[in-house]
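Structural overview
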Amino acid sequence: VLLLLKFHEISRLRLLYFYSLFAIAITLFRLLFIRILKHFRKQGYNYRTVVIVGMGNVAFQLYSFLLKDLSLGYKLVGFFDDNPEDYAKRFPVLGTVAQAKAYILQNPVDEVYITSSNYPVETIREIIDACESNLMRVKIIPDFNKYTKNRKVSIDFYGTMPVVLLRKEPLEHGLNEFAKRLFDICFSFLFILLVFPWAF
């Protein structure tokens with residue numbers, strides 16, 4: 001609105017300059033901030049401490065993902081498993097699943113990943129409750145790769161029941177995704193143009 005109307009105090013050209021420079025400055029700041037953050041994480045700072053409950057294919061895939069790029073900011077402390085004999089020489093094993101709760105309560109842990117459903121339900125619930133009570137993130141990773149052949153899937157919910165979707169619809173198609181992206185950009189532009197000046 002301010003660009004369409006002419007005021008004596010502020011010219012439309014100055015407003016255009018201001019918002020253009022403002023957008024460029026914000027973009028450059030975000031890019032610089034991300035680069036600095038990645039640098040600090042590679043040096044061992046600003047990381048999140050992670051433990052994994054369960055050892056198996058899913059756990060080892062997660063292990064490789066978290067450690068493949070130090071700039072992701074993860075520091076894996078170790079695993080908890082009831083039968084770690086086959087892996088103890090290659091991976092850091094902290095104890096059994098029953099010992100996980102005591103460990104996360106006594107040590108600084110930011111995130112806990114549960115990668116197996118073969119353990120007693122009550123034990124897993126105790127771990128989850130301990131995480132929730134101490135503001136730790138807990139994430140459960142189901143093992144359905146044997147059905148999906150390691151391809152990417154999405155998860156929907158029917159009430160509280162998770163449902164695995166093998167393909168996305170309809171935004172999986174490039175044209176639909178482009179149309180939605182174009183709408184998002186136009187809507188955001190109109191919001192910045194018409195609403196943001198008054199709020200600012």
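Up top is the structure.
Below: a short report on this structure.

Calculation criteria
In this convention, every chain numbers its residues from 1, walking through the sequence in written order. A pLDDT threshold of at least 70 governs which residues receive local features in this predicted model, and a stricter bar of 80 or more applies before side-chain atom pairs are shown or counted, although totals over entire chains, interfaces and linings include all residues. The basis for every side-chain value is the complete set of non-hydrogen atoms in the structure, without hydrogens or water. When DSSP finds two or more bridges between a pair of strands, those strands are recorded as paired. Helix numbering and strand numbering both begin at the N terminus, where a helix is a DSSP run of H or I of at least 4 residues and a strand a DSSP run of E of at least 2. Note on geometry: axes are lines fitted to C-alpha atoms, helical ones only across the stretch in contact, with angles between N-to-C directions running from 0 to 180 degrees. The contact criterion used is simple: two residues touch if any of their non-hydrogen atoms lie within 4.5 Å. Aromatic pairs are defined between Phe, Tyr and Trp rings, using the six-membered ring for Trp, whenever the two ring centres lie within 6.5 Å; interplanar angles under 30 degrees are classed as stacked, those over 60 as edge-to-face, and all others as tilted. Only protein chains enter the area calculation, which uses a 1.4 Å probe; residues under 20% of their type maximum are buried, those over 50% are exposed, and those in between are partly exposed. Charge-over-ring placement is defined geometrically: NZ (Lys) or CZ (Arg) within 6 Å of the ring centre, and within 35 degrees of the ring normal. Whenever two N or O atoms come within 3.5 Å, that pair is a polar contact, provided that in protein one can donate a hydrogen and the other can accept it, and provided that, for residues adjacent in sequence, both atoms are side-chain atoms.

**Here's the deal with the sheet that holds strand β4 (residues 111-114)**
Read from one edge of the open sheet, five strands run β3-β2-β1-β4-β5, paired in parallel fashion. Edge positions in the sheet fall to β3 (93-95) and β5 (137-140), since each has one partner strand and no second. Across the sheet, the mean angle separating the axes of adjacent strands is 30° when strand polarity is ignored. The pairing of strand β2 (residues 74-80) with β3 spans two bridges and is classified as parallel. The residue bridging F80 from the neighbouring strand is G95, located in β3. Sitting on the sheet, helix α2 (residues 57-67) touches β1 (48-53), β2 and β4, and the angle it makes with β2 is about 160°.

**Remarks on unusual backbone geometry**
Positioned with a positive phi, L135 is a non-glycine residue whose angle comes to about 60°. Note on placement: L135 falls in the loop between α4 (121-133) and β5.

**Regarding the environment of G54**
Along the polypeptide, G54 turns up in the loop between β1 and α2. Separated by 27 residues in sequence, G54 and D81 have C-alpha atoms that sit 5.0 Å apart. Among residues more than four places away in sequence, those in contact with G54 are A59, F79, F80, D81, T115, S116 and Y119.

**A look at the packing of aromatic side chains**
If you walk through the whole model with that rule in mind, you get nine aromatic pairs. An angle of 25° between the planes, with centres 6.0 Å apart, marks the rings of F183 and F187 as stacked. In this pair, F183 and F187 are both assigned in helix α6 (residues 174-194), four residues apart and thus about one turn of the helix distant. The same class applies to F183 and to F187, which are both exposed. Here R48 stacks its cationic end above the ring of Y74, 4.4 Å away from the centre of that ring.

**Digging into the side chain of E111**
Structurally, the position occupied by E111 is in strand β4. At 2.8 Å, the side chain of E111 and the side chain of Y113 are in polar contact. If we skip the residues at most four places from it in the chain, E111 touches R48, T49, V50, V51, Y74, R137 and K139.

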